[in-house]
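Structural overview
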Amino acid sequence: MARKESITQDIILETAFAMTRQEGFSNVTARRVAAKAGCSTQPIFRVYKSMEELWDAVYEKAASFFQDYCSLYPRTGKLPFSNLGMAYIAFAREEKHLFELLFVSGSRKKKSMYELLNGNAGNVVYEVNLARVSGCPKPGELFTKMWIFIHGAACMTLTGDYDLSDVETMELLNRTYLAFSGNTTLK
């Protein structure tokens, strides 16, 4: 009778993902994952052909985690791009290492920033359509301007230079939307 494998692919992936969240992606090495999983490096290379394959799996898990995070984030804003902006900035604040992996490190081998943001739920498409319905004549251009602003704010959380509360952040997003869209009043 064959011996049952105690260190599975799921255990290795979960260990590497947890390490990425806590310590950063650059700390995910075969030896460190093995030590955290309580095994040698042999089980890692039994289920993954290489560390590159494990790193790709961690990246995909992080992208999926981001999608779930955005879909579960409370939608309290009324103006286009405010809810997606709030979720993105909060993700950077709460999941610094995952944010760095997905949006800062240049590790987006398989997915562009747009693909990550839009996700399976069509987040960007929804926001652009909302802007169009709200009377914005060039919602695609508005998205670009808003996203440069939102991404900058999110990146500032990584360095500790962004310390606005959620209420202040929503106010800032609303005012930025109004300025970029040419509107002058909150609705």
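Shown above is the structure to which this text applies.
Residues numbered from 1 in each chain as written. Predicted model: local features only at pLDDT ≥ 70, side-chain atom pairs only at ≥ 80, totals over all residues. Heavy atoms only, no water.

The subject of this paragraph is the overall build of the protein. A tally of helices and strands in the protein yields 10 helices and 0 strands. In sequence order, the protein lays out its α and β elements as α-α-α-α-α-α-α-α-α-α. Residue burial in the protein is summarised as follows: out of 187 residues, 43% are buried. Restricting to contacts in the protein with at least 6 residues of sequence separation, those with at least 24 account for 66%. (Helix = DSSP H or I, 4+ residues; strand = E, 2+ residues; numbered from the N terminus. Buried < 20%, exposed > 50% of the residue type's maximum accessible area, 1.4 Å probe, protein only. Contact = heavy atoms within 4.5 Å.)

This brings us to the packing of helix α1 (residues 9-23) against helix α4 (residues 51-72). The relative placement of two packed helices comes down to the angle between their axes together with the axis-to-axis distance. At a minimum axis distance of 9 Å, the contact between α1 and α4 shows a crossing angle of 65°. With respect to their mutual orientation, α1 and α4 come out roughly perpendicular. When the axes of α1 and α4 are compared, the crossing they make is right-handed. Of α4, the residues touching α1 (which contributes Ile12, Leu13, Glu14, Ala16, Phe17, Thr20 and Arg21) are Leu54, Ala57, Val58, Lys61, Ala62 and Phe65. Its residues assigned to classes, the contact of α1 with α4 shows 9 nonpolar, 1 polar and 3 charged. (Axes fitted to C-alpha atoms, helices over the stretch in contact; angles between N-to-C directions. Parallel < 35°, antiparallel > 145°, perpendicular 65-115°, else oblique. Left-handed = near helix turned anticlockwise from the far one by under 90°. Nonpolar A, V, L, I, M, F, W, Y, C, P; charged D, E, K, R; others polar.)

Further remarks concern helix α10 (residues 166-181). Under the 1.5 Å per step criterion, the end-to-end length of α10 is 22 Å for 16 residues, consistent within 8% with the ideal 22 Å. Looking only at α10, the buried set comprises Thr169, Met170, Leu173, Asn174, Thr176, Tyr177, Leu178 and Ser181. Taken together, the buried residues of α10 touch α5 (82-94), α8 (123-133) and α9 (139-159). Two residues or fewer after α10 comes Gly182, characterised by a positive phi angle close to 90°. (Expected span 1.5 Å × (residues − 1).)

A word on the pattern of salt bridges. Any two side chains of opposite charge can pair, on the condition that their charged atoms come close. With the rule as written, the count across this model stands at 10 salt bridges. With a shortest N-O distance of 3.9 Å, Lys138 and Glu141 are connected by a salt bridge. For the salt bridge of Arg175 with Glu171, the shortest nitrogen-to-oxygen distance reads 2.6 Å. Of this pair, Arg175 and Glu171 both sit in helix α10, 4 residues apart, which is roughly one turn of the helix. (Salt bridge = Lys/Arg side-chain N within 4 Å of Asp/Glu carboxyl O.)

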